[in-house]
Amino acid sequence: MADTTISVGLEVRSANNPDIVGDLGTEAGYSFGLLQLLRAGVQEEILKPQNMISNAFEPANLQMTENSWAGFIVGEISACEPLDSPDDSTRQKCEALVKQQIQWAAHLGLSSVIFTCPSMDGGLNFPRVVGRALGMLGYTQAWVRITVTKRDTEAWKKWNVLRTLCEHNPKLVVALELGPELPNESFLQQWLAEPVRTVILSTTSFISNKKGFPVLSKAHQSFLRQLMELNVQVVISTECIDEKLNAAGGIAAYQQYIRHIYRTRPELGIVDQFASGYHDYLQSPLQPLMDNLESATYEVFEKDPIKYQEYERATYRALLDRVPDNSDIVTVLMVVGAGRGPLVQRALQAAENAKRKVKLYAVEKNPNAIVTLRARKEEEWGDLVEVVHCDMRYWEAPEKCDILISELLGSFGDNELSPECLDGAQRFLKDSGISIPSSYTAYISPMSSTKLYNEVSSYKDLEHMETPYVVKFRAVHELAEPKAVWRFDHPDRKVVMDLGSPNFNNHNTRYSTQRFQTKTDSMMHGVAGYFESTLYKDVMISIHPKTHSPGMFSWFPIFFPLKSPLYLPANSYVDIHFWRLCDARKVWYEWTAIPVTQDGQTKTCTAIVGAASSIHNIDGRSSWIGL
């Protein structure tokens, strides 16, 4: 793969000064090190009832007394476990001790500090102290060490309580320690939607291969490779360095093995290659009716081989069905929203392959794209194609067509106003005519993504929290299988257009409610949207995760954020309500998610209205698509 580097750190838990970690780590090829800020025994001595805590550390208390290793060391904060002690004196001393360590780490200029999540459950003083520390850290990042083991399935809950009480602060990230045995896949998948900055692997979690070198189990390798796609760092943790650590390769063998795993990840597929740099990057959906697309935008989408291959196949099948062999019938094709002509070219190729005679109209409103269409007519197509510069909704066609072809779909199917455009265009389709596409269906599913939520909330305004975004998902966890919300079919012969009425587009409004059940404890940050489209008969294109057209990259999914994340316990239900609404000038979406409880005996469900997210984007106040 092109990127072959990963940052690997070293933790020697028995180290008593930074030189041990720094010198040993750099010599063995490590990029950074973890080190307790306090010397062993200092915390215990201070916490003795007869001892008082001073306002400043003594040099003998500290492992680092100067900043010579500040660029290499991540400081580990002591006194986390007793922060929820029932003893007032112990608790207060620990708070003061943590505060002094944070101040010292900031003074040294450490890039990160690491807290260890207490093993006890239910204590809220630890989150309070961490929240206070976040306000003191400035640019320093706070890692929270959370251990994931086969027996402890509550790790994610501990993290969720902490980050919720710390108000989803983006400076708070996870240092995920993987035990020798991992929990089942559903518990691991939760972490893919969380801000995992570092993976900690104890040397005891490794096994030796036949040559005596350290390796990980297949389960550890699989999960680690998934996390590596999220740009994590890895820390190798050992109690001490001695000859028993590993006979083959010593401590250096561990970082070499991690880097080997990173280098040997599977090659990216064509979609991920295309999306490189765009994973979890928020993009506003296109508004092709309001805006004229730039040449670079057309060029990106024209590189998609699968979409146009399927359009050509659909047109070929439609021509074969419509016209018998060896016929002199001329089939009239209309490509509406022709852009720079890729569908025109594919339609002509389909006609040549089907050995059918055609006449083609290429209709486009963008005056810049028209220049390209006219040039291609002169140089390539000749009299086979008539180029028309007009909005398809208002064009008065000289004749009706047999096949109407369009590529007006958006990431949610209808979010680039394909229904409205084709309503206007279908009047010049013969009664027996064929529309390609013939239908498209929108799908939704609840999803978790701390990264996307933090990205949207960083704008600190209502508008961005009520705007849908096109996103190539990576750091996400889909909480349930997608379900269909609505469908549009073309042509829709029941439509009667009354263009003078303010309600002329009411037939394109939709409302749907879908209920989803979550398998594990989850934090819902928004709704994922997809589409499936039938071009003609069994020829389809899709970005639905289960039916995604292999290699197609013209569309990424769409993300509808929630202003307030919703906590969903394992095996609970959530109702997602979705509206597609319109007036004379615009189309917009509204959405909300409401948790529900189910009675164990009667199976009746009750909405937990107090925990419901508010209805987003009422009356299109924040985001809309202009007609």
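Residues numbered from 1 in each chain as written. Predicted model: local features only at pLDDT ≥ 70, side-chain atom pairs only at ≥ 80, totals over all residues. Heavy atoms only, no water.

Per an unreviewed UniProt entry, the chain carries the name Protein arginine N-methyltransferase and comes from Powellomyces hirtus. The chain has a UniProt comment under Sequence similarities (unreviewed entry) that states "Belongs to the class I-like SAM-binding methyltransferase superfamily." (UniProt positions renumbered as here; feature names shortened; annotations may be inferred.)

**Considerations on unusual backbone geometry**
Of the consecutive residues I436 and P437, the connecting peptide bond is found in the cis state with omega at 10°. Locating P437 in the fold gives a position in the loop between β15 (429-436) and β16 (439-448). Residue H490 is joined to P491 through a cis peptide bond whose omega torsion reads -5°. Positionally, P491 belongs in the loop between β19 (483-489) and β20 (510-517). The residue K460 is not glycine, and still its phi comes out positive at about 55°. Although it is not a glycine, K537 adopts a positive phi angle of roughly 50°. Mapped onto the elements of the fold, K537 is located in the loop between β21 (522-536) and β22 (539-542). A residue is classified by how much of its surface remains accessible, and K537, at 52% relative accessible area, is exposed. (Helix = DSSP H or I, 4+ residues; strand = E, 2+ residues; numbered from the N terminus. Buried < 20%, exposed > 50% of the residue type's maximum accessible area, 1.4 Å probe, protein only.)

**As for the sheet that holds strand β10 (residues 233-238)**
The strands that make up a sheet pair up through hydrogen bonds in the backbone, lying either parallel or antiparallel. With respect to topology, 8 strands assemble into a closed barrel ordered β1-β2-β3-β4-β5-β6-β7-β10, the strand pairing being parallel. Ignoring which end each strand starts from, the neighbouring axes of this sheet average 30° apart. The pairing of strand β7 (residues 196-202) with β10 spans 5 bridges and is classified as parallel. Bridging across to β10, T198 finds its partner in Q233. Relative to strand β4 (residues 112-116), helix α4 (residues 125-136) is tilted by about 175°, and along the sheet it contacts β4, β5 (141-148) and β6 (172-178). (Pairing = 2+ DSSP bridges. Axes fitted to C-alpha atoms, helices over the stretch in contact; angles between N-to-C directions. Contact = heavy atoms within 4.5 Å.)

**Some words on empty space enclosed by the protein**
Counted by the stated rule, this structure contains 3 cavities of 30 Å³ or more. Each pocket or cavity is described by its volume, and for the largest cavity that value is around 50 Å³. What lines the largest cavity is V148, D152, T153, A155, W156, P183, F187, Q190 and W191. Of the residues in the lining of the largest cavity, the class split is 6 nonpolar, 2 polar and 1 charged. (1 Å grid on protein atoms, 1.4 Å probe; cavity = no way out; pocket = protein on both sides within 12 Å on 5 of 7 lines; lining within 4 Å. Points joined across faces, edges and corners; volume = space filled by probe spheres on them. Nonpolar A, V, L, I, M, F, W, Y, C, P; charged D, E, K, R; others polar.)

**Description of the layout of surface pockets**
Volume-wise, the largest pocket comes out at about 1,100 Å³. Lining the largest pocket are 34 residues, with Q189, V476, H477, E478 and P545 positioned closest to its centre. Broken down by secondary-structure element, the contributors of at least two residues to the lining of the largest pocket are α6 (185-189), α7 (218-228), β18 (477-478) and β21. Among the elements that take part in the lining of the largest pocket, β21 stands out by supplying 3 residues, more than any other. Grouping the constituent residues of the lining of the largest pocket by class yields 16 nonpolar, 9 polar and 9 charged. Each of domain 1 (8-266) and domain 3 (441-626) accounts for three or more of the residues forming the lining of the largest pocket. (Domains from an automatic or database assignment.)

**Overview of the domain arrangement of the chain**
Taken domain by domain, the chain comprises domain 1 (8-266), domain 2 (295-407) and domain 3 (441-626). Taking only C-alpha atoms into account, the centre of domain 2 sits 32 Å from that of domain 3. Between domain 2 and domain 3, the residue contacts involve 14 residues of the former and 14 residues of the latter. Of all residues in domain 2, D304, I306 and R317 bury the most surface against domain 3, accounting for 34% of the area lost on that side. Here domain 2 is connected to domain 3 by 2 salt bridges. (Buried area = accessible area lost by both parts, 1.4 Å probe. Salt bridge = Lys/Arg side-chain N within 4 Å of Asp/Glu carboxyl O.)

**A word on the UniProt feature "active site" (unreviewed entry) in the chain**
The positions that UniProt labels "active site" (unreviewed entry) are, in the present scheme, E407 and E416. Among the annotated residues just listed, those that line the second largest pocket are E407 and E416. The topology assignment puts E407 in the loop between β14 (401-406) and α14 (418-425). When near neighbours in sequence (up to four residues on either side) are disregarded, E407 contacts K307, Y308, Y311, V336, G337, P342 and L343. Among the polar contacts listed, one links the side chain of E407 to the side chain of K307, at a separation of 3.0 Å. Counting through the fold element by element, E416 comes out in the loop between β14 and α14. Overall, the relative accessible area of 14% leaves E416 in the buried class. Excluding anything up to four places from it in sequence, E416 contacts L286, P288, L408, L409 and G410. (Polar contact = N/O pair within 3.5 Å; in protein donor to acceptor, adjacent residues only side chain to side chain.)

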